[in-house]
Amino acid sequence: MKFKNVLGGLLVAVSAIGSAWAQNYPVKPITLIVPYPAGGPSDFFARKVQPDAAAKLGQQPMIIENIGGAGGSIGMSKLINAPADGYTLSAGSPMELVLAPMAIQGVKYKPEDFKLVAQFTTTNTILAVRNSLNIKTVEDLLAYARKNADKPLSYGSVGPGSLYHLIGEKFSQLTKLQMLHVPYKGIAPLMTDLMGGQIDMAFLPMGGSIPQTIADGKVQGLAVTSKTPHPLFKQFPPMATIKGLEAMEFDIWSGIQVHKNTPDHVVSALNKAFYASVEVPETRKAFEANGNVILPSRTPAELARVYQGEIERYRAIAKSINLQPQ
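Owing to the predicted nature of the structure, the values given are computational and were not obtained by experimental measurement.

(A) Structural context of the pattern of salt bridges. Taken as a whole and assessed by the stated rule, the structure comprises 11 salt bridges. For the salt bridge of D113 with K260, the shortest nitrogen-to-oxygen distance reads 4.0 Å. Taken together, the residues D113 in the loop between α4 (94–103) and β4 (114–129) and K260 in the loop between β9 (251–259) and α9 (264–278) connect sequence positions 147 residues apart. Since its relative accessible area comes to 12%, D113 is described here as buried. As a salt-bridge pair, R313 and D251 come within 2.9 Å of each other at their nearest N and O atoms. Pair noted here: R313 is in helix α11 (residues 300–320) and D251 is in strand β9, with a separation of 62 residues, a long-range link. The structure contains a network of salt bridges with shared partners spanning K110, D113 and K260.

Written as structure tokens, this is what we have:
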């Protein structure tokens, strides 16, 4: 009887130690995957929240790893194949989470394989063209395209199934213009070609260095895909106010994701740390300076409901242009 009592006590003690160890997160470096090359809006966003989130988690190093290609799906595939322990995260958006699996045949994950642990900002996109077109309005662009119908307009995106690809296809559908889609591994190489005149146009996220690029006149902005003018560029009208383009209204959010099987206490710790990082005045100022809208903090349970709604919304956008896997 005494032996049984001693053994029982040892098992309880071991269980308590194991439980305490499991709650002690993090105990090693964390990898934050950015599913695009350095220099784009996703990279900008990740590097702004990284330092303060790492500090909030107890000074464990948080290493940013840029993995570009295939519309962001290569980076997301690495996350989904990593242990679901909270030591591999992604700084993603609906493009990689929802749209890439529908647009790229080789993608094996589903949106439901991820869990959203923070959702920070939302922004809209702007239609920009190469300067050598000498075009200042959407109406002028349409007139140019119809006059030169033998040479379709080329537009860049960060890959098949990205939101920028879908917006381009929707624009082509509504204007009845033949357009050539040119995919890139990320915004940075796309911008290099747009500024250099290798492609005609692109729908660009208003984040990272893009607002400054437009302000500097390196590319020509035409219109935004929001209900109201962009706070930094009120000279560019909402595209939805143009006859025939009323459906050209899109936005996109940025957030942090983990594998769906990540333990709840880890998700909770990440949720609190990343939302605290956005409350740092310098970080908020940096996001708002690019025209981003800071979203309210939400609990993991609230984010689960938001994420399901976003999955349904972006699937509906893809269906509207009959997006097919490539």
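(B) Molecular detail of helix α7 (residues 187–196). By the burial criterion, the buried members of α7 are I187, L190, M191 and L194. Within α7, the buried residues cover an arc of 100 degrees as seen down the axis, which keeps them to one side. Structurally, α7 contributes buried residues whose contacts are with α2 (41–56), β4, β5 (153–157), α6 (163–175), β7 (201–205) and α8 (210–215). Immediately beyond the C-terminal end of α7, within one or two residues, lies G197, with a positive phi of roughly 85 degrees.

(C) The environment of P281, seen in detail. Within the fold, P281 resides in helix α10 (residues 281–289). Residue classification places P281 among the exposed residues on the basis of a relative accessible area of 58%.

(D) Here's a closer look at the packing of aromatic side chains. Tallying each qualifying case throughout the model produces 9 aromatic pairs. Geometrically, the ring pair formed by F44 and F287 is edge-to-face, given 6.2 Å between the ring centres and 70 degrees between the ring planes. Separated by 243 residues along the polypeptide, F44 in helix α2 and F287 in helix α10 bring together distant segments of the chain. Classification of F44 by relative accessible area gives partly exposed; the value is 22%. Its relative accessible area of 2% is what places F287 among the buried residues. Ring-pair connections join several aromatic residues into one group, and the members of that group are F44, F45, F120, F274, Y275 and F287. Stacked on the ring of Y87, the Lys or Arg K28 has its end atom at 4.7 Å from the ring centre.

(E) A look at unusual backbone geometry. Residue P26 follows Y25 across a cis peptide bond; omega there is 0 degrees. Secondary-structure assignment places P26 in the loop between α1 (2–23) and β1 (30–34). In this model, A70 sits at a positive phi of 55 degrees, which is unusual for a non-glycine residue. Relative accessible area serves as the criterion here: at 35%, A70 is assigned to the partly exposed category.

(F) Representation of the pairing of strand β3 (residues 88–92) in the model. Counting buried positions over the 5 residues of β3 gives 5, a clear majority of the element. Both faces of β3 are covered, namely the face carrying T88, S90 and G92 and the face carrying L89 and A91. Here β1 runs beside β3; their pairing, made up of 3 bridges, is parallel. Following the sheet pairing, L32 is matched in β3 by L89. Examined bridge by bridge, β3 and β9 share 3 bridges and lie antiparallel to one another. For G92, the partnering residue across the bridge sits in β9 and is G255.

(G) Representation of α11 in the model. Between its first and last C-alpha, α11 extends 30 Å over 21 residues, near the 30 Å set by a 1.5 Å rise per residue. For α11, the secondary structure elements touched by its buried residues are α4, β4, α6, β9 and α9. Immediately beyond the C-terminal end of α11, within one or two residues, lies N322, with a positive phi of roughly 55 degrees.

(H) Focus on the environment of Y155. Its place among the elements puts Y155 in strand β5. On the basis of relative accessibility, which here comes to 0%, the residue Y155 falls in the buried class. Considered as a pair, Y155 and G168 are 13 residues apart in the sequence and their alpha carbons are 7.1 Å apart. Y155 has contacts with Y164, H165, G168, E169, M179, L180, H181, V182 and M201, leaving out every residue within four places of it along the chain.

Procedures and definitions
- Residues numbered from 1 in each chain as written.
- Predicted model: local features only at pLDDT ≥ 70, side-chain atom pairs only at ≥ 80, totals over all residues.
- Heavy atoms only, no water.
- Salt bridge = Lys/Arg side-chain N within 4 Å of Asp/Glu carboxyl O.
- Helix = DSSP H or I, 4+ residues; strand = E, 2+ residues; numbered from the N terminus.
- Buried < 20%, exposed > 50% of the residue type's maximum accessible area, 1.4 Å probe, protein only.
- Arc of directions from axis to C-beta.
- Contact = heavy atoms within 4.5 Å.
- Phe/Tyr/Trp six-rings, centres within 6.5 Å; stacked < 30°, edge-to-face > 60°.
- Lys NZ or Arg CZ within 6 Å of the ring centre and 35° of its normal.
- Pairing = 2+ DSSP bridges.
- Expected span 1.5 Å × (residues − 1).

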